[in-house]
Each structure stands twice: as C-alpha cells, then as structure tokens.
Amino acid sequence: MFCSTKMLTHCGIWICMAFKTSHNFFYLQVTTIASCPGLAVPRKPETDSGYLAFCVDDFREGSRNRQKTGESIFYLAYPNLLQTLVFNSNLLECVNRLQIFCLLMAVLAIVVLVHNFFQLEHLDDDTVSGSNWITENNVQHSLSQTNRTTRKPYCGYTQQTLSKREQEEQESLLAAIQWPKTPNGKIAFAQSTDPTRSDFVIVKPSRFFKVGDELEVLVRMKDFQGKPKPYGGDYLQARIHSPLLKAGATGRVVDCHNGLYKVFFTLLWPGEVKVSVSLVHPSEAVQVLLRLREERPDRVYFKSSFKSGRYSETTECNVCLPGDLPVCNFTDPYTGEPWFCYKPRKLSCASRISHAKGGYLKGLLTKEESLFFQSHVNIKKPIPSSGPDSVIVKPKAFTVSNSINRAEDPTTSPSGYYYEDQWRSRTHWIGNFNKSDDITECLQGKVIHLFGDSTMRQWFEYLTEFVPDLVEFNLRSPKNVGPFMSVDLKHNILLKFRCHGPPIRFSTVFSSELRYIANELNGIVGGRNTVIAITIWSHFSTFPVEVYIRRLRNIRRSIIQLLDRSPETLIVIRTANVQELGPEVSLFNSDWYSFQLDSVMRKMFSGIAVHFVDAWEMSVAHYLPHNLHPQEVIIKNQIDAFLSYVCPLQT
C-alpha cells in the first residue's frame, strides 16, 4: 500500500487520497471528531476515479494493525461526524491532475466545519428544545440540566402530574365555573343580547319590606330585534344602593338558561333602596372570551433581556411557547411553575437580567365577533327597569351583634355592604382606623409582608403615605414594580411589598427579584407578630384556569405549612376587583375572567385559617366608577378591614 500524506499542524490530521478501482471495496464506520481550522490536499492519480479521504493520527496505529490483511483506514471528515473508510487496496498513487477540484472540496469542508463550530460554541446546559417541557415530575432537577420530557405542541399546563385528590379538586373547580353555552353555529349580531331592549322587574314591589328581607328581581333578555332570548349565558352585575346614605350592596345572579335571570338581594339598611342591573357581556361575547382563554393564552406576551458586557438581546417569554425553537428553561425548581424564554442567538440563558411585559396581540377577533364588544352598546351597559326600580325598607328591631356571622365563609353573599361610605362586613367586626396613630398602635412591633400585584401595592402606598412615622427605605427598585420597604424604627414596624412571580405584566422586573409567593412563604418564620397579605388574579386572566389553579395550589400548600409551624401567623387574602372595560381591555382583563378566577380562589382557600378582604364586593357595591386600581375611599375601607383582622375588637 502507498499513501502520500501532508501534516495539518493545527489539528494533527493527516490527509491522503484514496481511490477506488474495480478491484476495491469499502464500508463506513461513524465516530465523532472536532473541527479543523486548516486543510492540505494531496494530488490524485490521472487514471483512477476515487474519493477524497482524511487520515488522522490514529492511522499509524489502526492501519498498521490492518496491513496484514491488506486493509487501510481512512477518515472522511464532516462537522461532528467522522466517517471511516476501510479499503482493501493494492495501489494508491499520488498525482496532481485534480488538485483544483480537491482544493474546492476542502474549502467547502472548512466552511461547514467553522459553521458547526460556531453553533456548538453557543450551546449551553440551560438550553432545551422547544419540543420539550418540564413537568411536575422533574421539578427537583437542576435547571442547569437539559430536560427531555415530552410536552404538548403548544402549552404545558396539561402536563401536570396530579394526585387523585388534586385531580378531583381540579375537576370540581372547573365544573363549578362552567358557563352556559350558546346554541351551536354562528349567531348574528342582531340576535345577540341588547341591554336597551332588555328589562328587569321587581317581584312584588309593593310588598312590605324590612331590614333582613330578601328582594327578588327578574331580568328579561331580548335581542336587537326585540325578540326574547331563548338561552342564557349573559354576564350580569347587580347592586342595590341608596345614594343619599352612600349605601350599597351586591346581588346574587341566577341564570335560568332561557333568557331569564333572577337576582336576589339581602336588604341590609332602612330607607329607599334602588336596584341597578348591568349587562357586562352578552352570552355571545362570553363564548368568544372563553375561546380566547383556551386557544390564545399568548395574546399577552412577555419578554426578557439578556446581557453580557456591552452586548444584549431580548427574546419573547411565556408560560408556554409555540414551535420548536431552542428555549431557556426558567421553570421554578421548587414549585414546578413553568416559565420559558426563546434562547438568545449568541448569549447563554444564564445572562438573563430582566423580565417585562412585551405587549398585546391585535386582530384576535373576526369582524362579526368584534360587534359583540362595543362600548356604550353591549359592554357594562345598564338594563332599564320595567316599572318601579326601588322599594322602601323599614327598620328591624335587632342589635348589630346579631348580624355578625362569626364563622367566616368566603362564599357568603353578600359578605358586607356600604353604609355612610363605610364598609360593614357580615362576617367580622370592622373598626375605623381614621387616625394614623390608630394604625401605628395596631402595627407596633409587627412585620407586614404584602405579596401580589399593583392592587396590593396600593395598600403599601396608602399605609406609607398615611402614617407619618412609616418612612420608605430606598431600595433603588423600579417605580411601581418594587420590591419596596417602609420602616418605623420608633415603633418597630416593618412593611414590605413584593410582586408575585411570572406571569406579571409590569414594565421591568430584575430577574433576581422574580420570586414566587409560595417560595417566599417558605422562607418566613412566622409568629404572632407576623402579618401576611396576598392577592393574585389579574395577571392570570389570559391563561387557562389550570395555570391559576396550579399557582394557588402551591401557595395554599405553603400557607398550610407556615400555619402548621407558626399557628399564630396572620394571613389575609385580598380578592379580585372589577374594573372599567372597553372593547380591547375586555379581551385581556374582562371582569368575567376575574370573576371566574375569584370564584376558584374562594373555593380553594375555604376551610383553612386565612381571612378575606372582599375587594370584589367593595368595588361592585360602591357608587364610584369601576377602576382596576380603586380610588382612595375604597382602598381606605380595604385597609380598615385588613387592620381589623390584625387588631380585632376586644369583646
């Protein structure tokens, strides 16, 4: 055997020409090699047709061992693969006839090698394929490992591993919030609910009413042609109120599934009491909202910034990401809460520095569907009365203590009412903390943890502004994002706010400050001087309810563990609240979404030792316009209810 070779000094690869004649045969064997920065090409004989091959240092050992059989080992180099050619050859000669052809082939091989070397250079252990998904079975694995678990093509919330009890609870919760469906097929706008043609009537308006009685109202829905609606599914909000007394309370709506609705009110104060009923969304719009929640959880998207030195990149993030592009896996290792970002082109996943809201998708509705979402037409539009819209309520001889139901139940309706602009709970005593000294005396010696979104941040801002000795300590946190901390050294009060973990639609949150409430609770010692307030709802409105149930399940587990080790710890849950709605906001943050999530939350936290501030009823029952961030008079009532748990009336 004869082989003419040249040494590649950069990588130790030998090169030779191997030619196949009619008397030769070969086969392939695959192994792995590194890329090579340079290449030298020998000459090819004039007479034989053959194949370019590469001989590596192993040639000296491998081929010598095979020379007795007349075989020689050659290596054909591609990126990441080494193909071994084994020849039974009697003649190999080196010539120069096809030198140019061989040089071109060598240059092509180098280009491919360099490209693959660049790709390999930027792979890291945090990168997983977009076709993979971490499930709860893998949550204890380090995030620095590549997970190969299978996920659904789009969203991973269905990949949860639930115990039998958890599965039964989830099915029960989903059944409890199941909404009536409209008839199959497309429904024309003219056949949808028209609030101006619909009406309500008070059942037996001339009846003698006294405080404590129940008032029944019948709502009759009609379409834009004035025809009675034959099916239900509309979303209504109802309240009774007395403007002169600044009194108000919510009603309980019952869908009869035939275009009729019954609303029940408990009459809680004497005087003239007016009834108001509004159509928040027609049934046809609710079906669109339901479809968007299940099929388009990406309609609000998020982003993260990655930075190394002066170079930075921004990629999209979400609970679930479509497609098979490489993603960074930021799933929480303790709770299993999934979170993913598309991997930057050049930076590693570990270089993430911040999280932020990306934006809102447009063009989600067809032209026909958009007709179901029109301001002043069918979004939060009052329904007129047919006949009297008020009743006279007489006082009832009873003591206030008789109206207090000391067994707190978050599903009690109504949970309270306004009277003279002050919220009166039906489940517990509420004091009036009208002076800053009253709040200072209540909170003295305590550490207060506030967890949640911007509606919980309102509590932090109210207390810090209202109490002079409570001074905010500058943590250099982004405005409106946090974390925030206020301190009263004289009275030993520490007040802290931290936003919940993703998904959260804040402007910019440092990655190091993205904390899950469950994990934060696990780090709190607790005790009689520890107070915790939690709210979490608004930022989950665009996701399937299973995502929210998972989050609450983790928080509930941590609460139960905290109360088990420190039973004297006080924990208060702030519910959701209603807000002003328009065509666009309705698709992302509709009151219908919030109502569904709030119903789930109340059921999941019922029966454990936590207290509730019913922000939902406080916002529906009040005379002020609905607002995602309620005005100060409503916040003040929320704080009074909260502090009444911290410092209950001594009896």
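Rules of the game
Residues numbered from 1 in each chain as written. Predicted model: local features only at pLDDT ≥ 70, side-chain atom pairs only at ≥ 80, totals over all residues. Heavy atoms only, no water. pLDDT = per-residue confidence, 0-100. Contact = heavy atoms within 4.5 Å. Helix = DSSP H or I, 4+ residues; strand = E, 2+ residues; numbered from the N terminus. Buried < 20%, exposed > 50% of the residue type's maximum accessible area, 1.4 Å probe, protein only. Phe/Tyr/Trp six-rings, centres within 6.5 Å; stacked < 30°, edge-to-face > 60°. Lys NZ or Arg CZ within 6 Å of the ring centre and 35° of its normal. Pairing = 2+ DSSP bridges. Core = buried A, V, L, I, M, F, W, Y, C linked by side-chain atoms within 4.5 Å. Salt bridge = Lys/Arg side-chain N within 4 Å of Asp/Glu carboxyl O. Axes fitted to C-alpha atoms, helices over the stretch in contact; angles between N-to-C directions. Disulfide = S-S within 2.5 Å. 1 Å grid on protein atoms, 1.4 Å probe; cavity = no way out; pocket = protein on both sides within 12 Å on 5 of 7 lines; lining within 4 Å. Points joined across faces, edges and corners; volume = space filled by probe spheres on them. Nonpolar A, V, L, I, M, F, W, Y, C, P; charged D, E, K, R; others polar. Expected span 1.5 Å × (residues − 1).

**Some thoughts on the confidence of the model for the protein**
Logical step 1: Residue-level pLDDT values for the protein average 81, and 75% of them are 70 or greater.
Logical step 2: The low-confidence segment residues 115-154, where pLDDT is below 50, has 98 contacts with residues more than four positions distant or belonging to other chains.

**Looking at the environment of isoleucine 536**
Logical step 1: Looking at the secondary structure, you find isoleucine 536 in the loop between β30 (530-534) and α9 (545-565).
Logical step 2: A residue is classified by how much of its surface remains accessible, and isoleucine 536, at 7% relative accessible area, is buried.
Logical step 3: Sequence-wise, isoleucine 536 and aspartate 453 are 83 residues apart; in three dimensions their C-alpha atoms are separated by 6.6 Å.
Logical step 4: Other than its neighbours up to four places away in sequence, isoleucine 536 contacts His500, Ile517, Tyr548, Arg551, Leu552 and Ile555.

**Section: the packing of aromatic side chains**
Logical step 1: For the coordinates displayed, the defined rule picks out 16 aromatic pairs.
Logical step 2: Among the aromatic residues, ring-to-ring pairing joins Trp179, Tyr235, Trp592, Tyr593, Phe595 and Trp616 into one connected group.
Logical step 3: Taking NZ or CZ as reference, arginine 352 lies 3.8 Å from the ring centre of phenylalanine 330, over its face.

**Overview of the pairing of strand β25 (residues 447-452)**
Logical step 1: Counting buried residues in β25 gives five out of six residues, a clear majority hidden from the surface.
Logical step 2: Across six bridges, the pairing between β25 and strand β28 (residues 493-499) is parallel. Paired with leucine 450 across the bridge in β28 is phenylalanine 497.
Logical step 3: Both β25 and β30 contribute to a ladder of five bridges, which runs parallel. The residue bridging leucine 450 from the neighbouring strand is alanine 533, located in β30.

**A look at the nonpolar core**
Logical step 1: Core analysis: the largest hydrophobic core is formed by 63 residues, its most contacted members being Leu521, Ile534, Ile559, Ile571, Val600 and Phe605.
Logical step 2: Of all the elements, α9 adds the most residues to this core, at nine residues.
Logical step 3: Counting 41 residues, the second largest nonpolar core, distinct from the first, contains Met456, Trp459, Leu470 and Val531.

**Points about the pattern of salt bridges**
Logical step 1: One pass over the structure, following the stated rule, counts 23 salt bridges.
Logical step 2: Residue lysine 229 pairs with glutamate 284 through a salt bridge whose shortest N-O separation is 3.1 Å. On the criterion of sequence distance, the pair formed by lysine 229 in the loop between β10 (214-220) and β11 (235-242) and glutamate 284 in helix α4 (residues 283-295) is long-range, its members being 55 residues apart. In terms of burial, lysine 229 and glutamate 284 fall into one category: buried.
Logical step 3: A salt bridge links glutamate 294 to arginine 293, with the shortest nitrogen-to-oxygen separation between them at 3.5 Å.
Logical step 4: Judged by its relative accessible area of 34%, glutamate 294 is partly exposed.

**So, the sheet that holds strand β13 (residues 252-255)**
Logical step 1: Ordered by their spatial adjacency, four strands build an open sheet running β8-β10-β14-β13, and the pairing between neighbours is antiparallel. Both outer strands of the open sheet, β8 (199-202) and β13, are each paired with one neighbouring strand and no more. Adjacent strand axes in the sheet meet at a mean angle of 25 degrees when their direction is disregarded.
Logical step 2: Inspection of the sheet shows β13 paired to strand β14 (residues 260-266) by four bridges, in the antiparallel sense. By the bridge assignment, valine 254 is partnered in β14 with lysine 262.

**Let's talk about the state of the cysteines**
Logical step 1: Within the structure shown, the criterion is met by three disulfides.
Logical step 2: With its sulfur 2.0 Å from that of its partner, cysteine 442 forms a disulfide with cysteine 647. In this structure the cystine formed by cysteine 442 and cysteine 647 twists about its S-S bond by roughly 105 degrees; its chirality is therefore right-handed. A residue pair is termed long-range when its members are at least 10 positions apart, and cysteine 442 in helix α6 (residues 436-443) and cysteine 647 in the segment after α13 (632-646) qualify at 205 residues.
Logical step 3: For cysteine 442, a relative accessible area of 6% gives the class buried.
Logical step 4: Relative accessible area serves as the criterion here: at 26%, cysteine 647 is assigned to the partly exposed category.

**With respect to the environment of aspartate 223**
Logical step 1: Within the fold, aspartate 223 resides in the loop between β10 and β11.
Logical step 2: The sequence separation of aspartate 223 and phenylalanine 189 amounts to 34 residues, and the corresponding C-alpha distance is 8.6 Å.

**So, the pairing of strand β17 (residues 311-318)**
Logical step 1: One ladder, built from seven bridges, connects strand β16 (residues 300-308) with β17; its direction is antiparallel. The residue bridging phenylalanine 302 from the neighbouring strand is cysteine 317, located in β17.
Logical step 2: Hairpin connection between β16 and β17: a loop of two residues separates the two successive antiparallel strands, and glycine 309 in this loop has a positive phi of roughly 65 degrees.

**Brief notes about empty space enclosed by the protein**
Logical step 1: Inspection of the entire model under this criterion finds four cavities of 30 Å³ or more.
Logical step 2: As for the largest cavity, its lining consists of 17 residues, of which Ser415, Thr427, Phe612, Asp614 and Tyr645 are closest to the centre.
Logical step 3: Those elements that place two or more of their residues in the lining of the largest cavity are β24 (422-425), β32 (611-613) and α13.
Logical step 4: The class makeup of the residues in the lining of the largest cavity is eight nonpolar, five polar and four charged.

**Regarding the layout of surface pockets**
Logical step 1: There is about 940 Å³ of room inside the largest pocket.
Logical step 2: Contributing to the lining of the largest pocket are 31 residues, with Gly251, Arg252, Val253, Phe595 and Ser599 lying nearest its centre.
Logical step 3: With six residues, the top contributor of residues to the lining of the largest pocket is helix α11 (residues 591-604).
Logical step 4: Of the residues contributing to the lining of the largest pocket, the split by class is 14 nonpolar, nine polar and eight charged.

**Describing the sheet that holds β28**
Logical step 1: Spatially, the seven strands line up as an open sheet ordered β26-β27-β28-β25-β30-β31-β32, and their pairing is mixed. Two strands close off the open sheet at either side, each with one partner strand: β26 (471-473) and β32. Strand-to-strand twist of the sheet, defined as the mean angle between neighbouring strand axes without regard to direction, takes the value 20 degrees.
Logical step 2: As paired elements, β26 and strand β27 (residues 484-488) share three bridges and run antiparallel to each other. Bridge pairing in β27 links phenylalanine 473 to methionine 485.
Logical step 3: Docked against the sheet, α9 engages β30 and β31 (570-574), running at close to 160 degrees with respect to β31.

**Remarks on helix α7 (residues 454-466)**
Logical step 1: For α7, which comprises 13 residues, the first-to-last C-alpha distance of 18 Å matches the rise-based estimate of 18 Å (1.5 Å per residue) to within 8%.
Logical step 2: Across the 13 residues that make up α7, a large majority, ten, are buried.

**Some details on unusual backbone geometry**
Logical step 1: Cis geometry is found at the peptide bond from serine 413 to proline 414, where omega equals -5 degrees.
Logical step 2: Along the chain, proline 414 falls in the loop between β22 (390-394) and β23 (416-419).
Logical step 3: Along the chain, proline 502 connects to proline 503 via a cis peptide bond; the corresponding omega equals 5 degrees.
Logical step 4: Along the polypeptide, proline 503 turns up in the loop between β28 and β29 (509-510).
Logical step 5: For aspartate 421, which is not a glycine, the phi torsion comes out positive at approximately 65 degrees.
Logical step 6: Within the fold, aspartate 421 resides in the loop between β23 and β24.
Logical step 7: Aspartate 421 gets classed as buried once you look at its relative accessible area, which sits at 14%.

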